[in-house]
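# Observations on the three-dimensional arrangement
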Amino acid sequence: MRKICFALLTISMLLSNTAVSMAHPGRTDANGGHTCRTNCAKWGLADGEYHYHNAAGTIKPAESTAETPDPAKETDDDSSDATLVADKIKVASKGKLSVYFLNIGQGDATYIRTAAGDDILIDAGKNEAGDVVVDYLKQLRVDDIEIMISTHPDADHVGGLDTVLRNFKVENVYAPKVSHTTDTFKDFLLAVKQEGLKIKEAKAGVLLPLKGVTARFVGPVAAYGDDLNDWSAVLHLTYGINKFLFTGDAEKRSETDMLAGKLALKADVLKAGHHGSVSSTSPAFLKAVAPKYAVISVGKNSYGHPAATILNRLKAAKASVYRTDLNGTVTAVSDGKKISFLKVK
Ligand SMILES: [Zn+2]
Ligand SMILES: [Zn+2]
């Protein structure tokens, strides 16, 4: 049985994370928390556990309450101070791997911060989502971006990347070797050039230069002509025993090639391909990935995303589904052993 852990972080709890004087020995760091070194059991902590204090006692971030997710009931009301919340999330996820499936409408934009502090951005939604992504990254105090990945040239993925490039120092840009004639894609290429960068090829087997995680492209395996979706850069990321698979818009043909290539596809969290379209998440692929959680990045659209067939298929596979259109930005935090989904109001 899969026990689903859903960490509910309410504003009040986030606000109560404010550091006060230390309740027991240990060094409080710049984020107001610290690692337990002595008499940890006495404080209800494991040896070496990172935590915070307030007047009410010890707070263990992201693991305080657990309940079964009910995505349908968890629409965001956006009533809070987003900057403050983003700040507090960063504190709660300090020293962990955090993955944010940003709520940018129809499209994909995924931001990953590794425990070592490296920043990875996969896509940035449509043109008009660029500013939203930049704002979000600024709220999360992103300084620079070590790895930017453009999964493929479609506008709902590459659209905002030029805005991100103009706002942040980006060290590496990866994209599959496929081009497109749209102005949106040209804007991206121009922005990369203006930053003095050269695109590195994203293809199966390429390992990203990151510490503390193993991040490797498992797709594209082959060339796909005009089928831009199948060209999608697909990233498999491992932190401790936790695994994530970011599929872009890869469709069945690419999925079949990844399976045939015997690539490492198993993952706890699957970003369902192509916004939950029937074109992706084929039964064989889903079986190989065997996710506990599936995230669908989707907004208002006329394509019928996500498809009922795929939602049913994920349900049958016992994957808990999170959707950016219903849940807002979906945030997964891993300590290398366990993954928690944070609820941010
Ligand atoms: Zn797309
Ligand atoms: Zn696409």
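On a predicted model such as this, the values are computed, not experimentally measured, just so you know. (Residues numbered from 1 in each chain as written. Chains lettered and ligands numbered in written order. Predicted model: local features only at pLDDT ≥ 70, side-chain atom pairs only at ≥ 80, totals over all residues. Heavy atoms only, no water.)

## Side note on the coordination of the zinc ion (ligand 1)
- Taken together, the protein donors to the zinc ion (ligand 1) comprise D156 (OD), H157 (NE2), D249 (OD) and H275 (NE2), at separations of 2.1 to 2.2 Å.
- Around the zinc ion (ligand 1) sit 4 donor atoms, and with donor-metal-donor angles ranging over 85 to 151 degrees the site reads as irregular.
- One chain supplies every donor to the zinc ion (ligand 1), and in sequence these donors are spaced D-H-x91-D-x25-H.
- A separation of 3.6 Å is found between the zinc ion (ligand 1) and the zinc ion (ligand 2), which are bridged by D249.
- Using a relative accessible area of 0% as the deciding quantity, one classes H157 as buried. (Donors = N, O, S within 2.8 Å, 3.2 Å for Na, K, Ca; no water. Tetrahedral: all angles 85-135°; square planar, octahedral: opposite > 155°, others 65-115°. Buried < 20%, exposed > 50% of the residue type's maximum accessible area, 1.4 Å probe, protein only.)

## A look at helix α7 (residues 252-260)
- Taken residue by residue, α7 has S254, E255 and M258 as its buried positions. Considered in projection along α7, the buried side chains sweep an arc of 100 degrees and stay on one side of the axis. Summarising the geometry of α7, the exposed residues directed more than 90 degrees from the buried face are K252 and A260.
- K262 sits one or two positions beyond α7 and adopts a positive phi of about 50 degrees. (Helix = DSSP H or I, 4+ residues; strand = E, 2+ residues; numbered from the N terminus. Arc of directions from axis to C-beta.)

## Structural notes on the coordination of the zinc ion (ligand 2)
- Those donors, H152 (NE2), D154 (OD), N229 (OD1) and D249 (OD), are the protein atoms that reach the zinc ion (ligand 2), and they lie 2.1 to 2.2 Å from it.
- Taken together, the 4 donor atoms coordinating the zinc ion (ligand 2) span angles of 87 to 167 degrees at the metal, a pattern that classifies the geometry as irregular.
- Positions of the donor residues of the zinc ion (ligand 2), expressed as sequence spacing, correspond to H-x1-D-x74-N-x19-D.
- N229 sits in the buried class, given a relative accessible area of 12%.

## Digging into the packing of aromatic side chains
- In the structure shown here, the tally under the stated rule is 10 aromatic pairs.
- Considering the side-chain rings of Y100 and Y136, the 6.3 Å spacing of their centres and the 55 degrees angle between planes classify their relative orientation as tilted. Of this pair, Y100 sits in strand β5 (residues 97-101) while Y136 sits in helix α3 (residues 130-139), and the two are 36 residues apart along the sequence.
- A relative accessible area of 2% means that Y100 is categorised as buried.
- Classification of Y136 as buried rests on a relative accessible area of 17%.
- Aromatic ring contacts, followed pair by pair, group Y100, Y111 and Y136 into a single cluster. (Phe/Tyr/Trp six-rings, centres within 6.5 Å; stacked < 30°, edge-to-face > 60°.)

## Comments concerning the nonpolar core
- In this structure, I149, L208, L237, F244, F246 and F341 are the most contacted members of the largest nonpolar core, which totals 29 residues.
- Ignoring sequence-local partners within four residues, the contact set of F244 consists of L97, V99, L235, H236, L237, A267, V269, A332, S334 and I339.
- In this structure, Y100, L102, Y111 and L140 belong to the second largest nonpolar core, which totals 28 residues. (Core = buried A, V, L, I, M, F, W, Y, C linked by side-chain atoms within 4.5 Å. Contact = heavy atoms within 4.5 Å.)

## Some details on the pattern of salt bridges
- Evaluation of the coordinates by the stated rule reveals 6 salt bridges.
- Here D162 and R166 are joined by a salt bridge, their closest N and O atoms 3.8 Å apart. Of this pair, D162 and R166 both sit in helix α5 (residues 161-167), 4 residues apart, which is roughly one turn of the helix.
- The exposure class assigned to R166 is exposed, which follows from its relative accessible area of 53%. (Salt bridge = Lys/Arg side-chain N within 4 Å of Asp/Glu carboxyl O.)

## A few points about the confidence of the model for the chain
- Model confidence for the chain is summarised by a mean pLDDT of 82, while 73% of its residues fall at 70 or above.
- Low confidence marks residues 1-34, where pLDDT is under 50. Its contacts with residues over four positions away, or in another chain, come to 93 contacts.
- Low pLDDT, under 50, characterises residues 50-81; the stretch is placed with 93 contacts to residues that sit more than four places away or in other chains. (pLDDT = per-residue confidence, 0-100.)

## Brief notes about the sheet that holds strand β11 (residues 214-219)
- In space, the 6 strands of this open sheet follow the order β11-β12-β13-β14-β15-β16, with mixed pairing throughout. Here the strands that pair on one side only, and so sit at the sheet edges, are β11 and β16 (320-323). Ignoring strand direction, the axes of neighbouring strands in this sheet form an average angle of 20 degrees.
- Looking at chain direction, strand β14 (residues 269-271) and strand β15 (residues 293-296) are connected through 3 bridges and run parallel. Within β15, the residue paired with L270 across the bridge is A294. (Pairing = 2+ DSSP bridges. Axes fitted to C-alpha atoms, helices over the stretch in contact; angles between N-to-C directions.)

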